[in-house]
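As a plain string of letters, each chain reads:
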Amino acid sequence: MLYPIHSVAVAGATGNTGPTVTKTLIDAGFVVTALTRSASKTQGLAGLDVRIVEVDYLSHDSLVSALQGIDAVVVCGVGMYVHVTTSHHIQLTDRMQYS
């Protein structure tokens with residue numbers, strides 16, 4: 001069954017490609033939440049109608065909280081991947097932490 005996508009979270013929204021992806025999603029009519037490790041690095045999102053959430057990508061509780069009400073996740077970060085199990089448990093891991 002397909003579900004309509006209305007709200008999208010962008011992981012890596014403050015990185016190199018994140019602001020462009022975020023703006024493109026907003027322009028397409030999506031409600032966007034920008035996920036970032038550091039709220040101090042959001043200058044690339046200035047002027048956009050976006051909710052900014054500081055998140056610890058290695059914390060399950062932080063991710064669950066940040067992704068409440070989110071229909072889809074777009075991952076822009078290098079070395080990041082999303083794992084979604086059949087029980088809809090979401091794990092977003094930042095491999096850069098381990099480099």
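Residues numbered from 1 in each chain as written. Predicted model: local features only at pLDDT ≥ 70, side-chain atom pairs only at ≥ 80, totals over all residues. Heavy atoms only, no water.

Draft legend 1. Seen up close, the pairing of strand β1 (residues 7–11). Of all the five residues making up β1, five are buried; the element is thus mostly covered by neighbouring parts of the structure. The handedness of the β1 to strand β2 (residues 31–36) crossover, carried by helix α1 (residues 18–27), is right-handed. Relative to strand β4 (residues 72–75), β1 is paired through four bridges, and the arrangement is parallel. By the bridge assignment, V10 is partnered in β4 with V74. (Buried < 20%, exposed > 50% of the residue type's maximum accessible area, 1.4 Å probe, protein only. Helix = DSSP H or I, 4+ residues; strand = E, 2+ residues; numbered from the N terminus. Right-handed = clockwise from strand over helix to strand, strands pointing away. Pairing = 2+ DSSP bridges.)

Draft legend 2. Local environment of the sheet that holds β2. Ordered in space as β3-β2-β1-β4, the four strands form an open sheet in which the pairing is parallel. In this open sheet, the two strands that pair with only one neighbour each are β3 (51–54) and β4. Averaged over all neighbouring strand pairs, the angle between strand axes comes to 25°, with direction disregarded. Strand direction decides the pairing type here: β2 and β3, joined by four bridges, are parallel. If you follow L35 over to β3, its bridge partner there is V53. In this fold α1 packs onto β1, β2 and β4, with an angle of close to 175° to the strand it touches most, β1. (Axes fitted to C-alpha atoms, helices over the stretch in contact; angles between N-to-C directions. Contact = heavy atoms within 4.5 Å.)

Draft legend 3. Quick peek at the confidence of the model for the protein. Across the protein, the average pLDDT comes to 81, with 76% of residues at or above 70. Mean pLDDT values for the elements of the protein range from 50 in strand β6 (residues 90–94) up to 95 in β3. Contacts for the low-pLDDT stretch residues 85–90, under 50 throughout, to residues beyond four places or in other chains number eight contacts. Ignoring residues within four places in sequence, the model shows residues 94–99, a span with pLDDT below 50, making 12 contacts including any to other chains. (pLDDT = per-residue confidence, 0-100.)

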